[in-house]
Amino acid sequence: MSLALAPLDVSVDLEANLPCRKFDPDLWFSDSPAELELAKSLCGDCPLRVECLAGAVERAEPWGVWGGEIFERGAVVPRKRPRGRPRKEDVARDAALRVEAQARLAADGLAGSRSAVRLAA
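- Under an unreviewed UniProt entry, the chain has the name Transcriptional regulator WhiB and belongs to Plantactinospora soyae.
- Under Sequence similarities (unreviewed entry), UniProt gives the following word-for-word description of the chain: "Belongs to the WhiB family."
- Per UniProt, the chain has the following entry under Subcellular location (unreviewed entry): "Cytoplasm".

**With respect to the side chain of Lys40**
Right, on to step 1. In this structure, Lys40 sits in helix H2 (residues 33-43).
Right, on to step 2. Classification of Lys40 by relative accessible area gives buried; the value is 14%.

**Quick look at unusual backbone geometry**
Right, on to step 1. Even without being a glycine, Ala60 presents a positive backbone phi close to 50°.
Right, on to step 2. Within the element layout of this structure, Ala60 appears in the loop between helix H3 (49-59) and strand E1 (63-66).
Right, on to step 3. The residue Arg73 is not glycine, and still its phi comes out positive at about 55°.
Right, on to step 4. Secondary-structure assignment places Arg73 in the loop between strand E2 (69-72) and strand E3 (75-77).
Right, on to step 5. Note on Arg73: relative accessible area 69%, which makes it exposed.

What counts as what
- Residues numbered from 1 in each chain as written.
- Predicted model: local features only at pLDDT ≥ 70, side-chain atom pairs only at ≥ 80, totals over all residues.
- Heavy atoms only, no water.
- UniProt positions renumbered as here; feature names shortened; annotations may be inferred.
- Helix = DSSP H or I, 4+ residues; strand = E, 2+ residues; numbered from the N terminus.
- Buried < 20%, exposed > 50% of the residue type's maximum accessible area, 1.4 Å probe, protein only.

Set out below in structure tokens:
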């Protein structure tokens, strides 16, 4: 079992269903793209996902996973790239993922807030 998945002691029932309270909080602020994707997937069934995302957009969170989206420098990014120069196919995939991330934000009613959510290029 990964350390990032070690359950934490949860004492409040409301928080018992929140993945960010059940698992290591560092998972949501990891440098590893794979761990951030895991954190995003854990947010999928969270009952506070939309509120969490809306708050992060409003605060322009500088980094981390909030409401199932990755924030970097205050902007939503479709995925965290590994270090180094991206391959050409990764650049094309990132463009498609940016469109998908914008569609998810629009579906949650957040695309128009804070003069539109800024997506990283």
